[in-house]
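# Observations on the model geometry
Here is how the chains run, residue by residue.
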Amino acid sequence: MKKTVLILISIVAVASATQLFDRCGTCHGKKGERHSQNLTKSIAGMNAKDVTTILKEYKAGTRDTYGLGSMMHGQAKKLSSADIKELSEYIASLPPIVEVATKPKLTKDMTTEEIFAKCAICHGQKGEKKSLGVSRPIAGMSAVEVVKDLKEYKAGTRSTYGQGAMMKGQATKLSDDQMNAIAILIEALPPVKTQEQKKAEERAKKITQEEIDYNNFMEEYFRTSKDPNETFEAAKKRYEEHRKILKEQNEQNISSN
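Residues numbered from 1 in each chain as written. Predicted model: local features only at pLDDT ≥ 70, side-chain atom pairs only at ≥ 80, totals over all residues. Heavy atoms only, no water.

Contact geometry of helix H5 (residues 112–123) with helix H8 (residues 176–188) gives a least axis separation of 10 Å together with a crossing angle of 75 degrees. Looking at the two axes, H5 sits roughly perpendicular to H8. Residues Thr112, Glu113, Ile115 and Phe116 of H5 form the contact with H8, whose participating residues are Gln178, Ala181, Ile182, Leu185 and Ile186. The residue inventory of the contact of H5 with H8, partitioned by class, reads six nonpolar, two polar and one charged. (Axes fitted to C-alpha atoms, helices over the stretch in contact; angles between N-to-C directions. Helix = DSSP H or I, 4+ residues; strand = E, 2+ residues; numbered from the N terminus. Parallel < 35°, antiparallel > 145°, perpendicular 65-115°, else oblique. Contact = heavy atoms within 4.5 Å. Nonpolar A, V, L, I, M, F, W, Y, C, P; charged D, E, K, R; others polar.)

Structure representation (structure tokens):
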């Protein structure tokens, strides 16, 4: 019995750690193998004590390695001591990746595409992703709106989806010219339709087709009606009866097959 309980507790702990790491995985990779923002080393297999120390420093706002202090503070401040312990142990359990991290920086010489590559880490190569699973896709956003958002993030006056600190860490590296260039690039990206929009379009398409079929059928009914004085309501009732018969015939054909 005790062994079973311990196994269940272990499974719950792993599930919890995995859920906590989901947000980290957006930048660091699902297995901690990625270089966040193309700057950091891979975190997979790091010593648990080191991870704990680093997360606590980011949470306290006393660490700014690779210039990612603001971004990491925005994430770490959401973690409890228990969360940090679970994450540290989970990261330490991941298979280590032996790589040499590069340290590119935003400079005036970088192209717009190179700058956007940093945005793409969270937002997707075509701006199609929801950053950290919460933001809307940025593809096709108005350039004016993008510049406005970036300037507010840079000023620290915006924290949509609770990502103010993370976005400020990125926006502070951009000049006004770079913001304008990025905004134009984002506006040119094909807009991404949400599932809700796709469903609404399908519903509208279906309704439109039903209306067309209904109107065509009703027109035929009126044209072939043997009763010149037949009212619309009477024709509608006759139409509904016809649909009912067709439905029953269709169901019989299906059952016979």
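Here helix H3 (residues 69–76) lies mainly inside the structure; six of its eight residues are buried. Among all positions in H3, only Gly69, Met71, Met72, Gly74, Gln75 and Ala76 are buried. (Buried < 20%, exposed > 50% of the residue type's maximum accessible area, 1.4 Å probe, protein only.)

Applying the stated criterion to the full structure yields six salt bridges. The partner of Lys85 in a salt bridge is Glu89, and the shortest N-O contact between them spans 2.8 Å. Remark: Glu89 and Lys85 occur in helix H4 (residues 81–93); sequence separation between them is four residues, near one turn of the helix. With a relative accessible area of 44%, Glu89 lands in the partly exposed category. (Salt bridge = Lys/Arg side-chain N within 4 Å of Asp/Glu carboxyl O.)

Moving on: the nonpolar core. In terms of nonpolar packing, the biggest core is built from 22 residues, with Phe21, Met46, Leu55, Leu79, Leu87 and Ile91 touching the most fellow members. Listed by contribution, the elements that provide at least two residues to this core are helix H1 (2–28), helix H2 (48–60), H3 and H4. For Phe21, the contacting residues outside a window of four places in its chain are Gly29, Lys30, Gly32, Ile43, Leu87, Tyr90, Ile91 and Leu94. Counting residues in hydrophobic clusters, the runner-up holds 21 residues, among them Met110, Met179, Ile186 and Leu189. (Core = buried A, V, L, I, M, F, W, Y, C linked by side-chain atoms within 4.5 Å.)

This part is about the environment of Asn47. Within the element layout of this structure, Asn47 appears in the loop between H1 and H2. C-alpha of Asn47 to C-alpha of Glu89: the two residues are 42 residues apart in sequence and 8.3 Å apart in space. Among the polar contacts made by the side chain of Asn47, one reaches the main-chain amide nitrogen of Lys49 at a distance of 2.8 Å. (Polar contact = N/O pair within 3.5 Å; in protein donor to acceptor, adjacent residues only side chain to side chain.)

The element helix H7 (residues 164–171) is largely enclosed, with a buried count of six among its eight residues. Along H7, the residues that are buried comprise Gly164, Met166, Met167, Gly169, Gln170 and Ala171. Next to the buried residues of H7 lie H3, helix H6 (143–155) and H8.

Turning next to the packing of aromatic side chains. With the rule as written, the count across this model stands at zero aromatic pairs. Sitting over the ring of Tyr58, Arg63 keeps its end group 5.7 Å from the ring centre. Across the ring face of Tyr153, the terminal group of Arg158 is positioned such that the distance to the ring centre comes to 5.7 Å. (Phe/Tyr/Trp six-rings, centres within 6.5 Å; stacked < 30°, edge-to-face > 60°. Lys NZ or Arg CZ within 6 Å of the ring centre and 35° of its normal.)

On to the side chain of Ser135, then. Mapped onto the elements of the fold, Ser135 is located in the loop between H5 and H6. Note on Ser135: relative accessible area 6%, which makes it buried. Engagement of the side chain of Ser135 in a polar contact is seen with the backbone nitrogen of Ser131, the distance being 2.8 Å. Beyond its immediate chain neighbours, meaning those up to four positions away, Ser135 contacts His123, Lys130 and Tyr161.

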